[in-house]
Amino acid sequence: MKLLVDEDSQARRLLDALRHAGHDVLSVAELGCNGVPDADVFALAQQHGRTLLTHNVADFLALVRQGGQHAGVLAIFRDGNPRHTMRYEQIVRAIGVLQAAGLPIQDQFHILNHWR
């Protein structure tokens, strides 16, 4: 999957794990765009034809709800409970499970926690 990893999710270990699993990954930092507004990150994902991976659930859900086509958003909830936090390996696995399910990604907003 072609992914753009948002600033809040671009830990080197996660990027490496995603690449090791065969994903084509770019991070916001690699594009020199750390600190840009969420709407610009969302636009970058579309310009590059990449599904956005983020922990910033609320802000990107709001952007998706504004309408328009997009390459998809994969969001990860964090609630402060360490037992609910997804480890990097779980994120990679959840993406694989979602892909294997054959559900559409384009124009969709998926919560990866549900695919753990």
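Here's what I pulled together on the structure shown here. Residue numbers restart at each chain and count upward from 1, following the sequence in its written direction. Per-residue local features are limited, in this predicted model, to residues with pLDDT of at least 70; the limit for side-chain atom pairs, both in listing and counting, is 80 or more; totals at the level of whole chains, interfaces and linings are taken over all residues. Hydrogens and waters are ignored; side-chain quantities use all the structure's heavy atoms.

Observations regarding the packing of helix H2 (residues 38-47) against helix H3 (residues 57-65)
Working note: a packed helix pair is described by the angle between its axes plus the distance between those axes.
Piece 1. Where H2 contacts H3, the two axes come as close as 10 Å, and the packing angle between them is 65°. Here H2 runs over H3; the crossing is right-handed. Across from Asp38, Ala39, Val41 and Phe42 in H2, the residues of H3 making contact are Asp59, Phe60, Leu63 and Val64.
Piece 2. The residue inventory of the contact of H2 with H3, partitioned by class, reads six nonpolar, no polar and two charged. Axes here mean lines fitted to C-alpha atoms, for a helix over just the part in contact, with angles spanning 0 to 180 degrees between N-to-C directions. Here a strand is any run of E in DSSP of at least two residues, a helix any run of H or I of at least four, and the numbering for each starts at the N terminus. Crossing handedness: left-handed means the near helix sits turned counterclockwise from the far one by under a right angle, and right-handed means the same turn made clockwise. Residue contacts are counted whenever heavy atoms from the two residues lie within 4.5 Å of one another. Ten residues, namely Ala, Val, Leu, Ile, Met, Phe, Trp, Tyr, Cys and Pro, are considered nonpolar, four, namely Asp, Glu, Lys and Arg, are considered charged, and the remaining ones, Gly among them, are considered polar.

Some points on the environment of His55
Piece 1. Along the chain, His55 falls in the loop between strand E3 (51-54) and H3.
Piece 2. For the pair His55 and Ile111, spaced 56 residues apart in sequence, the C-alpha separation works out to 9.7 Å.
Piece 3. In this structure His55 touches Asp8, Ser9, Ile76, Arg78 and Ile91, once residues within four positions along its chain are discounted.
Piece 4. Polar contacts, as used here, are pairs of N or O atoms within 3.5 Å; protein pairs need one atom able to donate a hydrogen and one able to accept it. Residues neighboring in sequence count only if both atoms are side-chain atoms. Side chain to side chain, His55 and Ser9 meet in a polar contact 2.7 Å long.

Some thoughts on the sheet that holds strand E1 (residues 2-5)
Piece 1. Strand order across the open sheet formed by five strands is E2-E1-E3-E4-E5, with parallel pairing between neighbours. Of all strands in the sheet, those bounded by a partner on one side alone are strand E2 (24-27) and strand E5 (109-111). On average, each strand axis in the sheet is tilted by 25° relative to the strand beside it, whichever way the strands run.
Piece 2. Note on pairing: DSSP must find at least two bridges between two strands before they are called paired. Here strand E4 (residues 73-75) runs beside E5; their pairing, made up of three bridges, is parallel. The residue bridging Val73 from the neighbouring strand is Phe109, located in E5.
Piece 3. Helix H1 (residues 12-20) rests against E1, E2 and E3 of the sheet, and its axis sits at about 160° to E2.

Observations regarding the side chain of Ser27
Piece 1. Looking at where Ser27 falls in the secondary structure, it is placed in strand E2.
Piece 2. Excluding anything up to four places from it in sequence, Ser27 contacts Leu4, Val5, Gln10 and Leu15.

Concerning the packing of H1 against helix H4 (residues 88-100)
Piece 1. Taken N-terminus to C-terminus, the directions of H1 and H4 make an angle of 35°; their axes are 9 Å apart at the nearest point. The interaxial crossing formed by H1 with H4 has right-handed handedness. The segment H1 lies against H4, with Arg13, Leu14, Ala17 and Leu18 engaging Tyr88, Glu89, Ile91, Val92 and Ile95.
Piece 2. Looking at the contact of H1 with H4 residue by residue, the classes come out as seven nonpolar, no polar and two charged.

Considerations on H2
Piece 1. Relative accessible area decides the class of each residue, using a 1.4 Å probe on protein chains only: under 20% of the type maximum gives buried, over 50% gives exposed, and in between gives partly exposed. Taken residue by residue, H2 has Val41, Phe42, Leu44 and Ala45 as its buried positions. Buried residues of H2 fall within an arc of 155° about the axis and therefore sit on the same side.
Piece 2. Turning to H2, the residues buried within the fold contact E1, E3, H3 and E4.
Piece 3. Among the residues trailing H2, Gly49 stands out with phi positive, at a value near 65°. The arc refers to the directions leading from the helix axis to the C-beta atoms.

Some details on the pattern of salt bridges
Piece 1. Any carboxyl oxygen of Asp or Glu within 4 Å of a side-chain nitrogen of Lys or Arg constitutes a salt bridge here. Counted according to the given criterion, the structure contains four salt bridges.
Piece 2. Across the pair Arg13 and Glu89 runs a salt bridge, and its minimum N-O distance is 3.7 Å. Highlighted residues: Arg13 in helix H1 and Glu89 in helix H4, separated in sequence by 76 residues.

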